[in-house]
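Coordinates in review
The residues making up each chain are set out below.
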Amino acid sequence: MNIPIPSILEIGEGVVWRMDDIVRTYRFSKAVMLFDDFTYRTYEQDMKQAISSVPVHTVCLPPQLDIVDIMKKAFELPHCDVMIAMGGGAVIDCGKYMAFLRQVPFISIPTSASNDGFASTNCSLLINGKKTTVPAKVPFGILADLNIIQQAPERFILAGIGDLMSNITALYDWEFEQNHGVSRVNAFAAMISKKAVNSFIRTPMQNIKHPIFLKELISSLTMGGISTVISGNSAPISGSEHLISHALDKMSSAPQMHGIQVGIATYIMAHVQQHRAERITKVFARTGFFDYVKTLHLSKDEYRQAIDIAPTIKPNRYTYIHDEQYRKRAIRLLDEDHILKEIFT
């Protein structure tokens, strides 16, 4: 088996300013660099100066691009032999997909740690106005600059925590599928995903903006992304909790960040599975995840509907949420669990 992994992985303070060394090391001759509105205003000039050895064509991507617009934009860009995206999850996913279409290496520079998309093979793109998972390729390089990521609002870090903790419920769903003859667990991919979340859980959590905490979170999210390359699917990091979040994306009047929705659904499904729910509760309490989501005034009715329709998101899978008895247990929890009572209106 030939497993592609990133050739470049830099996680640390100031690593983004090493881009010129990287460009020279890998003998790139022309780059296209994509930004969202914030990163274009904040970093575009500095990044052009930092990459001085080759021509760099910079682009500010508008928000809410549909996949058709992304495909059109990809082939309007000038010739390049490397594509770089700097920003949040949306511009990273757009860049990853454009590089996939153009068949050039992609370098991911996340400015927040809100999910594992900066390291995974998949993209979350708008198709007919709804977020949909689309396959691409694993990034050629990942540069996570802790000085930049520290500046992101805390809710982005909390979203990353929610996304990472879902490895626990996703892996249990994967075993559930194997036990029912629907899927086969790739032991190595499962090991990587499990090691990622277990390593994070042991990290001191007094300050979620501390460089040690952020480095562990980003490293663990990266390992989760790589586990999907090994397995050839998203099962090591995405199970019933992600199906609930995807359902919310389709029907909620005000969808929240991916990792926030996934984190809440992870808490629900851990109790449904009766597997490591206490550990997940402690992490969410210590990091302030629960305190934040209690301020969002989320709709219990929407989560009830999302649980009901979650199996239709991926009918070919068979997670706990696909089984009616466990769906009913999840819905009961919305009314019975004392923390969920404080979260939902």
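Residues numbered from 1 in each chain as written. Predicted model: local features only at pLDDT ≥ 70, side-chain atom pairs only at ≥ 80, totals over all residues. Heavy atoms only, no water.

1. Observations regarding the overall build of the protein
What counts, and what does not: For helices the rule is a DSSP run of H or I covering at least 4 residues; for strands it is a run of E covering at least 2, with both sets numbered from the N terminus onward. When checking whether two residues touch, look at their non-hydrogen atoms; a contact exists if any pair is within 4.5 Å. All accessible-area figures derive from a Shrake-Rupley calculation using a 1.4 Å probe, and residue coverage is judged against the displayed protein chains alone. Neither His nor the chain ends contribute to the count of charged residues, in which Lys and Arg are positive and Asp and Glu negative. In plain terms, the charge of a residue is placed at NZ if it is Lys, CZ if Arg, CG if Asp and CD if Glu.
Looking only at helices and strands, one finds 15 helices and 8 strands in the protein. Across its three principal axes, the protein shows a C-alpha extent of roughly 60 × 40 × 40 Å. Considering only intrachain contacts with a sequence separation of at least 6, the fraction spanning at least 24 residues in the protein is 75%. Carbon and sulfur atoms make up 50% of the accessible area of the protein, which amounts to about 14600 Å² in all. Averaging the coordinates of the 35 positive side-chain charges in the protein and doing the same for the 34 negative ones gives two points 3 Å apart.

2. Regarding the side chain of Ser120
Which entries qualify depends on this criterion: Polar contacts here mean pairs of N or O atoms no more than 3.5 Å apart (in protein, one a potential hydrogen donor and the other a potential acceptor; neighbouring residues in sequence count only if both atoms are side-chain atoms).
Its place among the elements puts Ser120 in the loop between strand E5 (106-110) and strand E6 (122-127). Among the polar contacts made by the side chain of Ser120, one reaches the main-chain carbonyl oxygen of Asn122 at a distance of 3.3 Å.

3. Considering the nonpolar core
Heads up, the rule is: Within this scheme, the nonpolar core is defined by two criteria: the residues are buried Ala, Val, Leu, Ile, Met, Phe, Trp, Tyr or Cys, and they are joined through side-chain atoms within 4.5 Å. Burial here depends on accessible area, computed with a 1.4 Å probe over protein chains only, as a share of the maximum for the residue type. Under 20% is buried, over 50% is exposed, and the range in between is partly exposed.
Counting 86 residues, the largest nonpolar core has Leu34, Ile161, Met165 and Ile268 as its most contacted members. Ignoring any residue separated from it by four or fewer positions in sequence, one finds Ile161 in contact with Phe200, Ile208, Phe213, Leu217, Val283, Phe284 and Thr287. Counting 22 residues, the second-largest nonpolar core is a separate cluster that includes Ile8, Ala31, Ile84 and Ile109.

4. Concerning helix H8 (residues 211-231)
Convention followed: Between the first and last residue of a helix there are one fewer steps than residues, each counted as 1.5 Å, and that sum is the expected span.
Here H8 contains 21 residues, and its C-alpha end-to-end distance of 30 Å stays within 8% of the 30 Å for a straight helix at 1.5 Å per residue. Judged by how many residues are buried, H8 sits mostly within the fold: 15 of 21 residues are covered. Once H8 ends, the next one or two residues include Gly232, with phi positive near 80°.

5. As for the environment of Ala159
Assignment of secondary structure puts Ala159 in helix H6 (residues 154-179). The class for Ala159 is buried, based on a relative accessible area of 0%. When the C-alpha atoms of Ala159 and Asp173 are compared, they prove to be 21 Å apart, with 14 residues separating the residues in sequence.

6. Brief notes about a positive patch on the surface
Note the threshold: Without a salt bridge and with relative accessible area above 30%, a residue can belong to a patch; like charges are then joined within 9 Å and nonpolar side chains (Val, Leu, Ile, Met, Phe, Trp, Tyr) within 5 Å. Think of a salt bridge as a Lys or Arg side-chain nitrogen and an Asp or Glu carboxyl oxygen that are within 4 Å of each other.
Residues Lys194, Arg276, Arg279 and Arg286 make up a contiguous surface patch of positive charge. Assignment of secondary structure puts Arg276 in the loop between helix H10 (258-273) and helix H11 (277-287).

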